[in-house]
Amino acid sequence: MKFPYYRARRLRKNEVIRSMVRETHLSVNDFIYPLFLIEGTNIKNHIESMPGVFQYSLDKIKDEIEEIKELSIPAVILFGISAKKDNVGSEACNPEGIIQKGIQVIKNIHPDLYVITDICLCEYTDHGHCGVVEKGEIDNDATLELLYKEALSHVKAGADMVAPSDMMDGRVAAIRKALDEENFSHIPIMSYAAKFASAFYGPFREAVKCTPQFGDRRSHQMDPANKREAMREVLLDVEENADIIMIKPALAYLDIIHMVREQISLPVAAYNVSGEFSMIKAAAEKGWLDYERVMIETLISIKRAGADLILTYFAKDAARILAKME
Ligand code: PBG
């Protein structure tokens, strides 16, 4: 295997041979598309910091769902913008809440679309924190009960899968137990297992208005500096019977995705978060980057690192490009 006998360029000569030896393939089946649902009627709000992404009221969601169907995107993950907030996020469990109603509306339009819901309280608490706050701190164990009740109410409304993103200790086991007790043992849990306290969530927090009113999320989300701890978090969720393990964000954490893929056999998902999307959109709008190529290269890198599934705001644009390439 030495020059001049070995020449690596032989297998790069043209697209035919390049595509024959390509190691990583993106497919539309890898994508989960995030959707923002807002209470009210006749609303289609453009999210300034996330070009091309909108908040929809339920009466305006039809075209979006049909487009997703047309593009063969298999799954969506729902986020709610709730009008009613209180200090324990009661609205999260309301059977008439935005997510619960949203699931039903979406299933009516497209029964085969796989609907995943985000389980967290920050979209429903007036202080914007992910749990019950006692004396300025999040009470982990008191929050668990609210989280499994939220998960149950989503599943009762027809969700196919729940995805806890709160980072409370023990929440996967608590949700699994509650689902099993209520005859939902067939519903999988995708756990945001290693979720880092990241500044890349900035645009999302604008989109769902869930910025904490005081403090930050560093008492429960992980320190970006910690890799071994990420593995511990993942193994705990595997033990608690999570079905899919998610790493979030994706791009600054490709080493974590790679490590997790090597060490567990469950499917691994990566969340290509809002800030990662906005950076590329902004540079493309300025004409500084080729949008389509950078997007596909980014998604490939996440897949190559080891993700089986990618939650991404690029899903629709990427699906269009993949369809063209077929
Ligand atoms: C919490 C949640 C967040 C995101 C998904 N679920 C925000 C946070 O933890 O602060 C971020 C997603 C993104 O940035 O695209 N419910």
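Structure's up top.
Structural notes, computed from the coordinates.

## Focus: the nonpolar core
In this structure, Phe-36, Met-190, Ile-247 and Val-260 are the most contacted members of the largest nonpolar core, which totals 114 residues. When residues no more than four places from it in sequence are discounted, the contact partners of Ile-247 are Ala-194, Val-234, Tyr-253, Ile-256, Ile-257, Val-260, Val-268, Ala-269, Ala-270 and Tyr-271.

## A closer look at the site of the ligand
Lining the immediate environment of the ligand, one finds 18 residues, of which Lys-195, Arg-205, Arg-217, Lys-248 and Tyr-313 sit closest. In the model, an oxygen atom of the ligand is placed 2.7 Å from a nitrogen or oxygen of the Lys-195 side chain. Within the side chain of Gln-221, a nitrogen or oxygen atom sits 2.9 Å from an oxygen atom of the ligand. Notes on the ligand: free accessible area 400 Å², of which the protein chains cover 100%. Partitioning the shell around the ligand into residue classes produces 9 nonpolar, 3 polar and 6 charged.

## Here we look at unusual backbone geometry
Backbone torsion omega between Phe-3 and Pro-4 reads 10 degrees, so that peptide bond is classified as cis. Mapping Pro-4 onto the fold places it in the segment before α1 (15–20). A cis amide bond links Lys-248 to the next residue, Pro-249, at an omega of -10 degrees. Tracing the chain through its elements places Pro-249 in the loop between β10 (244–248) and α8 (254–263). A positive phi angle, near 65 degrees, is found at Met-167, a position not held by glycine. Inspection of the secondary structure puts Met-167 in the loop between β8 (161–164) and α5 (171–181). Take Met-167: its relative accessible area is 4%, and that puts it in the buried class. Positive phi values are uncommon outside glycine, yet Lys-209 reaches one of about 50 degrees.

## What to know about the environment of Leu-37
Relative to the assigned elements, Leu-37 resides in strand β1 (residues 31–38). Residues Leu-37 and Tyr-192, spaced 155 residues apart in sequence, show a C-alpha to C-alpha distance of 21 Å. If sequence neighbours within four positions are ignored, Leu-37 has contacts with Tyr-56, Leu-58, Ile-61, Leu-78, Phe-79, Gly-80, Ile-81, Ile-98 and Gly-102.

## A closer look at the side chain of Arg-217
With respect to the helices and strands, the residue Arg-217 is situated in the loop between α6 (202–208) and α7 (228–239). Although Arg-217 is buried, it forms no salt bridge, and the closest oppositely charged side chain is Glu-123 at an N-O distance of 7.6 Å. Look past the residues within four positions of Arg-217 in its chain and what remains in contact with it is Cys-122, Gly-128, Cys-130, Arg-205, Cys-210, Thr-211 and Pro-212.

## So, the state of the cysteines
Scanning the model with the defined rule gives 0 disulfides in all. Cys-120 takes part in no disulfide bond, and the closest cysteine sulfur to it belongs to Cys-130, at a distance of 3.7 Å.

## Quick notes on the packing of α8 against helix α10 (residues 291–305)
Packed helix pairs are specified by the crossing angle of their axes together with the interaxial distance, meaning the distance between the axes. Their axes nearest at 8 Å, the elements α8 and α10 cross at an angle of 35 degrees. Residues Leu-254, Ile-257, His-258 and Arg-261 of α8 form the contact with α10, whose own contacting residues are Ser-301, Ile-302 and Ala-305. Its residues assigned to classes, the contact of α8 with α10 comprises 4 nonpolar, 2 polar and 1 charged.

## Description of the side chain of Asp-237
Following the sequence through the fold, Asp-237 ends up in helix α7. Look past the residues within four positions of Asp-237 in its chain and what remains in contact with it is Arg-171, Val-172, Ser-191, Tyr-192, Ala-193, Ala-242 and Ile-245.

## Here's the deal with a nonpolar patch on the surface
Together, Leu-11, Val-16, Met-20 and Val-21 line one region of the surface with nonpolar side chains, adding up to about 390 Å² of accessible area. Considering the arrangement of structural elements, one finds Val-16 in helix α1.

## Describing the pairing of strand β11 (residues 268–272)
Of all 5 residues making up β11, 5 are buried, and the element is well covered by its neighbours. Of the two faces of β11, the one carrying Val-268, Ala-270 and Asn-272 and the one carrying Ala-269 and Tyr-271 are both buried. Here β10 pairs with β11 via 3 bridges, running parallel. Within β11, the residue paired with Ile-245 across the bridge is Val-268. Traced from β10 through α8 to β11, the parallel crossover comes out right-handed. Where β11 meets strand β12 (residues 309–312), 4 bridges bridge the pair, whose relative direction is parallel. In the strand pairing of β12, Asn-272 is matched with Thr-312.

## Quick word on the packing of aromatic side chains
In total, this model carries 11 aromatic pairs according to the counting rule given. A centroid spacing of 4.9 Å and a plane angle of 85 degrees characterise the contact between Phe-79 and Phe-204, whose relative ring orientation is edge-to-face. Taken together, the positions of Phe-79 in strand β4 (residues 75–81) and Phe-204 in helix α6 put the pair 125 residues apart, joining distant regions of the chain. You can call Phe-79 buried: its relative accessible area is 1%. In this structure an aromatic cluster arises from ring pairing among Phe-36, Phe-79, Tyr-192, Phe-204, Tyr-271, Phe-277, Tyr-291, Tyr-313 and Phe-314. Above the ring of Tyr-192, the side-chain terminus of Lys-195 is found at 5.3 Å from the ring centroid. Its guanidinium or amino end placed over the ring of Phe-204, Lys-248 lies 6.0 Å from that ring's centre, counting from NZ or CZ.

Parameters and conventions
- Residues numbered from 1 in each chain as written.
- Predicted model: local features only at pLDDT ≥ 70, side-chain atom pairs only at ≥ 80, totals over all residues.
- Heavy atoms only, no water.
- Core = buried A, V, L, I, M, F, W, Y, C linked by side-chain atoms within 4.5 Å.
- Buried < 20%, exposed > 50% of the residue type's maximum accessible area, 1.4 Å probe, protein only.
- Contact = heavy atoms within 4.5 Å.
- Near = heavy atom within 4 Å.
- Polar contact = N/O pair within 3.5 Å; in protein donor to acceptor, adjacent residues only side chain to side chain.
- Areas by Shrake-Rupley, 256 points an atom, 1.4 Å probe, with all protein chains shown as cover.
- Nonpolar A, V, L, I, M, F, W, Y, C, P; charged D, E, K, R; others polar.
- Helix = DSSP H or I, 4+ residues; strand = E, 2+ residues; numbered from the N terminus.
- Lys, Arg positive; Asp, Glu negative; His and termini not counted.
- Salt bridge = Lys/Arg side-chain N within 4 Å of Asp/Glu carboxyl O.
- Disulfide = S-S within 2.5 Å.
- Axes fitted to C-alpha atoms, helices over the stretch in contact; angles between N-to-C directions.
- Patch = residues over 30% accessible without salt bridge, like charges linked within 9 Å, V, L, I, M, F, W, Y side chains within 5 Å.
- Pairing = 2+ DSSP bridges.
- Right-handed = clockwise from strand over helix to strand, strands pointing away.
- Phe/Tyr/Trp six-rings, centres within 6.5 Å; stacked < 30°, edge-to-face > 60°.
- Lys NZ or Arg CZ within 6 Å of the ring centre and 35° of its normal.

By themselves, these are just geometric observations and shouldn't be taken as functional.
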